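The primary structure of each chain is shown beneath.
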Amino acid sequence: MSFQCIDDNEDNEFCFFYYDTLNENLALFIPFSIVFIFFSFYFMALIADSALSPSLAKITQKINISQTLAGATLLAFANGGNDVIAAFTAGGTTQGVPLVIGSIMGAGLFDFTLCTAVVVLTAKNVKVVKNCFVRDVSFYMIGTVYLLILGLIGEITMVGILGFFVIYFIYILFIMAMEKQSKKEEHALRVCVKVYNEQHIPIEHEGFSQKSFIKSKRGSFAVISGNRSRSQSKTLSELVSANPELISDPEIQVHPSHVGHLQHKSHFHPDLSSQEEEHQIDKNALHEKLLAVNMNMNHEDDYGCHVKDSIAMDPDRSFEEETGFSKILTYLNVPLEFLCNLTAPAIDEEHWNKSLALIQPFGALLIFLAGNELLDAYIGKVWVGYILLPIACVFSILIFAKTKSDKMHSYPTVASLITLIVAISWLEFISIYVVDYLQFVGSLTGLAPTFIGMTILAMGNTLGDIMANRALAKMGFGVTAITACFAGPLFNYLIGLAASYSRQIFVYGDIDFDLFNFSSENIADGCIFELGVLFAVLLSLIANLAYGYSTGFHLKGSYAKFMLGFYVVVMFSFTIYALYLRSSS
């Protein structure tokens, strides 16, 4: 029966498995599929969390780039590496274009609607940061419109792919500019808090360029206390003149140019009427901002550590107290983590094990060959593995000679680079089989690749997002969770799509991308699905912006209900159309 497994001259292991091993037994293939998909996505998430993210974090610290730039590049890849690598792998197949559009845009739709709805329902009420929210949503809209323009042109070339990188580069510039402005305001607030805590002097009419927490018809300014007389108040410039040590205080780090930036001509009058005062200052918002800065000054704990520690399982919680599903995952982690540890070197003392370290170079070599499809590659008559084997031997000998059982080597950066390569190789290796499986399911069921991508592949890649973001919202970090729902998919979309299409062009040449050609052949190939998911994403983004502006960017229960309904209606419509297209083909 294996002759049925030839499709475009490519053999598919799952096709042989279904027809030859299972003898077309769906009763066996369906449970196998459930187990395979669960294991694949769970192992990819485990690799990303235990190897990809820590190695990139170490490399980020070593090269000493700003946290903002690192968050938008290296750490964004750490968060969405499995999505991007799966897209890149799919780019090497004949069905790569529709499958990738379905998976990446479907994942975006999932995050913008279902994931945000779960976050809001968990947090009850989320007040998002307007500038960041609008920025992320707007850039995803720009990227989506750009892809529609390429569909109107009818072809994707390497020049067209550059557009995705340009959009993301401009996005990074926006982030860095906003960070610079935010630092100016934070520095000024630190001065306010420092002086008020030490001298109890209210600060008068200090202007802030952003109006996010102080609003006035005549301008923006900060007031620490409106109960003191005006003669007791001082401006920021007067305080700095009287206390020059504020400028050099490392705890505040206020640059003299920031003082000039914050001056304003307006004055605050304590005897203003309540109506005028309402227009001039949002005291509650200011108090919250000052309190946050004050906490940052008095506590040096890293925010990221708080989040990580909070999400982690309580170490005092016994195995018997865990839920049944948690126990299953605990058992499942043992062999999967062992596989990971056999190939990825330790990057810190906590995970150092010399016995494992001696084996890891050979495990790393093996998974590198497997992930890059080099297991059957030869140079002349010599297997490529034999050529690379001496490198693994050298690393193993150095580890044996230069390390101790209780002390790791002094080259954590080199170990981090190797771990990064190993993590990417693992993700590529798993993605190869996931993409092959999805292609076979499409062939077996007759469903369009775009529909399979936006259901199985998209949901598999984003279920981890919804669990992580829900956990953040449950701890009170609702704003962080909502931001993650929009900022993360943007990297996956622009960079993942560009990487996938670059590989597609390299393997097969320029991509035929005539989305607006509604011929019967093009419709049968699924162009309606591709257009539909693009417009669905665009509508969801517009709905997010419209709701945000209409409610002052307070996301409440009505927002969650609307987004849930939107996602259900869209997916129900796509499912009905997929079944119709299958029956009519």
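This structure is a prediction, so every number in the text was calculated from the model and none was measured. Sequence order as written defines residue numbering, which begins from 1 separately in each chain. Totals for whole chains, interfaces and linings use every residue, but because this is a predicted model, local features are given only for residues with pLDDT of at least 70 and side-chain atom pairs only at 80 or more, for both listing and counting. Note that water and hydrogens are dropped before the side-chain values are worked out from all heavy atoms of the structure.

1. Concerning the confidence of the model for the protein chain
- Per-residue pLDDT for the protein chain has a mean of 74; in total, 70% of the residues score no lower than 70.
- The predictor attaches a confidence to each residue, and that confidence, scored 0 to 100, is pLDDT. Here a helix means four or more residues in a row that DSSP labels H or I, a strand means two or more in a row labelled E, and each is numbered from the N terminus. At the level of individual helices and strands, the protein chain shows its lowest average pLDDT in helix H13 (residues 303–311), which scores 35, and its highest in helix H21 (residues 527–550), which scores 92.
- The contact criterion used throughout is that any non-hydrogen atoms of two residues lie within 4.5 Å. Here residues 203–236 scores under 50 on pLDDT; set against residues more than four positions off or in separate chains, the count is 108 contacts.
- Here residues 245–319 is a poorly scored stretch, pLDDT under 50, and it has 113 contacts once near neighbours within four places are set aside; other chains count.

2. A look at the packing of aromatic side chains
- For this analysis, a ring pair means two rings from Phe, Tyr or Trp (six-membered ring only for Trp) whose centres lie within 6.5 Å, classed as stacked if their planes differ by under 30 degrees, edge-to-face if by over 60, and tilted for the remaining angles. Inspection of the entire model under this criterion finds 39 aromatic pairs.
- Plain terms: the ring middles of Phe38 and Tyr42 are 5.8 Å apart, the flat faces sit at 15° to each other, and that makes the pair stacked. Of this pair, Phe38 and Tyr42 are both found in helix H2 (residues 26–63), four residues apart, which corresponds to roughly one turn of the helix.
- Ring geometry for Phe562 against Phe566: centres 6.3 Å apart, planes inclined by 35°, an arrangement best described as tilted.

3. Things to note about empty space enclosed by the protein
- A cavity here means a set of points on a 1 Å grid, drawn over the protein atoms and nothing else, where a 1.4 Å probe fits but cannot get out; a pocket is an open set with protein on both sides within 12 Å along at least five of seven lines, and a residue lines either one if it has an atom within 4 Å of a point. Grid points are joined across faces, edges and corners, and a volume is the space filled by probe spheres set on the points. One pass over the structure, following the stated rule, counts three cavities of 30 Å³ or more.
- What the largest cavity holds in volume is close to 100 Å³.
- Secondary structure elements with two or more residues in the lining of the largest cavity: helix H4 (74–90), helix H5 (96–123), helix H18 (449–474) and helix H19 (478–508).
- If you tally residues by element for the lining of the largest cavity, the top one is H5, at five residues.

4. Focus on helix H6 (residues 130–153)
- With 24 residues, H6 extends 34 Å from end C-alpha to end C-alpha; this agrees with the ideal 34 Å at 1.5 Å per step.
- Phi turns positive one or two residues past the end of H6, at Gly154, with a value near 95°. Given the number of residues in a helix, its expected span is that number minus one, multiplied by 1.5 Å.

5. Here we look at a nonpolar patch on the surface
- Note that patches include only residues with greater than 30% relative accessible area and no salt bridge, and the join distances are 9 Å for like charges and 5 Å for nonpolar side chains (Val, Leu, Ile, Met, Phe, Trp, Tyr). In short, Shrake-Rupley with a 1.4 Å probe defines the accessible areas, and a residue's cover is counted only from the protein chains shown. For this document, the term salt bridge refers to a Lys or Arg side-chain nitrogen within 4 Å of an Asp or Glu carboxyl oxygen. Together, Phe362, Ile379, Val382, Tyr386, Ile387 and Leu389 line one region of the surface with nonpolar side chains, adding up to about 550 Å² of accessible area.
- Take the nonpolar patch: its biggest share by element is three residues, from helix H16 (residues 384–402).
- Within the secondary structure, Ile387 is located in helix H16.
- Owing to a relative accessible area of 40%, Ile387 belongs among the partly exposed residues under this scheme. Under the scheme applied here, a residue whose accessible area is under 20% of the maximum for its type counts as buried, over 50% as exposed, and between as partly exposed, the area being computed with a 1.4 Å probe on protein chains only.

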